[in-house]
Amino acid sequence: MDSISAGLFPISFNAHIIFTIISVIFFLFQYKRQHHLYQLLSAIAIPLPLILYLNSSSIVFKAIGFIELVMVIVIGVMLFSSGKKESKTKSNVVNVANVSVDNCNPKEESNHDET
C-alpha cells in the first residue's frame, strides 16, 4: 500500500481514511439537514479513490478518474444552478417585502396630498 500512496496520493493511507470518514459523515449530515442532492453525490464521490488501494490497474485507475470527473462536473452544475435559484428566491422575497412596505401606509400618502 505504501508504494501506491507514495506515488499517487499526497497523504498516508491512515490520513486518507480519516479525512474520508470525516468528509463522508459531514456531507451525509448536511444532506440529512438540507436535502441538497450535491451533498449526497459528494459523500459518494469522496471515498471512490480508496478503491485504488485495492486495485490499481490501469483500467480501474481510468474508470475512477472518469467517474470522479463526471461527478465533479455534475456537483459543480448543481451548485451553480442551486445558487442561481437561491439568489432568485432571495430577490423575490426582497421585492415582495419592498412592495409590502410600500403598501403599508397608503392613507398617510393620500393625507399629505390633500393638505
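Residues numbered from 1 in each chain as written. Predicted model: local features only at pLDDT ≥ 70, side-chain atom pairs only at ≥ 80, totals over all residues. Heavy atoms only, no water.

1. Description of the overall build of the protein chain
As a reminder of what qualifies: Only DSSP runs of H or I covering at least 4 residues are called helices, and only runs of E covering at least 2 are called strands; the numbering of each starts at the N terminus. Think of it in three bands: residues with accessible area under 20% of the maximum for their type are buried, residues over 50% are exposed, and the middle band is partly exposed, with areas taken using a 1.4 Å probe on protein chains only. Two residues form a contact once any of their heavy atoms are found within 4.5 Å. The accessible surface values rely on the Shrake-Rupley method and a 1.4 Å probe; as for residues, cover is taken only from the protein chains in view.
For the protein chain, the helix and strand inventory stands at six helices and zero strands. In the protein chain, the succession of α and β elements from N to C terminus is α-α-α-α-α-α. Scored against the burial criterion, the 115 residues of the protein chain give a buried share of 21%. In the protein chain, once contacts between residues fewer than 6 apart in sequence are set aside, the share between residues at least 24 apart is 50%. Taken as a whole, the protein chain presents about 8700 Å² of accessible surface, with 68% of it coming from carbon and sulfur.

2. Here we look at the side chain of Glu-68
The following threshold applies: When charges are counted, Lys and Arg contribute as positive and Asp and Glu as negative, whereas His and the chain ends are disregarded. Throughout this description, the term salt bridge denotes a Lys or Arg side-chain nitrogen within 4 Å of a carboxyl oxygen of Asp or Glu.
Among the structural elements, Glu-68 can be located in helix α5 (residues 58-102). An unpaired buried charge is present at Glu-68: no salt bridge exists, and Lys-62, the closest side chain of opposite charge, is 17 Å distant. Leaving out residues up to four positions away in the same chain, Glu-68 has contacts with Ala-45, Leu-48 and Pro-49.

3. With respect to helix α2 (residues 13-34)
As a reminder, the rule being used: The length a helix should cover is 1.5 Å for every residue beyond the first. Working note: the arc is built from the helix axis to C-beta atom directions.
Compared with the 32 Å implied by 1.5 Å per residue over 22 residues, the 31 Å span of α2 between its first and last C-alpha is a close match. Taken together, the buried positions of α2 are His-16, Thr-20, Ser-23, Val-24 and Gln-30. In an axial view of α2, the angular spread of the buried residues amounts to 135°, which keeps them on one side of the axis. Structural note: α2 exposes Asn-14, Ile-22, Ile-25, Lys-32 and Arg-33 on the side pointing more than 90 degrees away from its buried face.

4. Some words on a nonpolar patch on the surface
In plain terms, the rule: Each patch is built from residues that are more than 30% exposed by relative accessible area and take part in no salt bridge. Like charges join if they lie within 9 Å; nonpolar side chains (Val, Leu, Ile, Met, Phe, Trp, Tyr) join within 5 Å.
On the surface, Phe-66, Ile-67, Val-70 and Val-74 cluster together into a nonpolar patch covering about 330 Å² of accessible area. Tracing the sequence through the fold places Val-70 in helix α5.

5. Regarding the packing of aromatic side chains
Remark: the centre distance and the inter-plane angle together describe each pair of aromatic rings, the angle taken between the planes. Note the cut-off: Any two rings among Phe, Tyr and Trp, with Trp reduced to its six-membered ring, count as a pair given centres within 6.5 Å; such a pair is stacked if its planes are under 30 degrees apart, edge-to-face if over 60, and tilted if neither.
For the coordinates displayed, the defined rule picks out three aromatic pairs. Ring centres 4.6 Å apart and planes at 80° place the aromatic pair Phe-13 and Tyr-53 in the edge-to-face group. In this pair, Phe-13 is assigned in helix α2 and Tyr-53 in helix α4 (residues 51-54), connecting sequence segments 40 residues apart. Between the aromatic rings of Phe-26 and Phe-27, the centroid separation amounts to 5.3 Å while the plane-to-plane angle is 75°, which identifies the pairing as edge-to-face. Looking at Phe-27, the relative accessible area reads 21%, which means it is partly exposed.

6. Some thoughts on the confidence of the model for the protein chain
The condition is simple: Confidence scores per residue from the predictor, reported as pLDDT, run from 0 to 100.
Here the protein chain averages 81 in pLDDT, while 69% of its residues score no lower than 70. Looking across the protein chain, the model is least confident in helix α6 (residues 106-114), with a mean pLDDT of 55, and most confident in α2, with 95.

7. Regarding the packing of α2 against helix α3 (residues 37-45)
Filter applied, for reference: Here, axes are lines fitted to C-alpha atoms. For helices the fit covers the stretch in contact, and angles between N-to-C directions go from 0 to 180 degrees. Angular relationships are summarised with four words: roughly parallel below 35 degrees, roughly antiparallel beyond 145, roughly perpendicular across 65 to 115, and oblique for the angles in between. Two helices cross in a left-handed way if the nearer one is turned anticlockwise from the farther one by less than a right angle. They cross in a right-handed way if the turn is clockwise. Only Asp, Glu, Lys and Arg are considered charged, only Ala, Val, Leu, Ile, Met, Phe, Trp, Tyr, Cys and Pro nonpolar, and every remaining residue, Gly among them, polar.
Across the interface, α2 lies against α3 with an axial gap of 8 Å and an inter-helix angle of 160°. One finds that α2 runs roughly antiparallel with respect to α3. Note on packing geometry: the crossing formed by α2 with α3 is left-handed. The residues of α3 that touch α2, namely those facing Val-24, Phe-27, Leu-28, Gln-30, Tyr-31 and Gln-34, are Leu-37, Gln-39, Leu-40, Ser-42 and Ala-43. Of the residues assigned to the contact of α2 with α3, the class counts are seven nonpolar, four polar and no charged.

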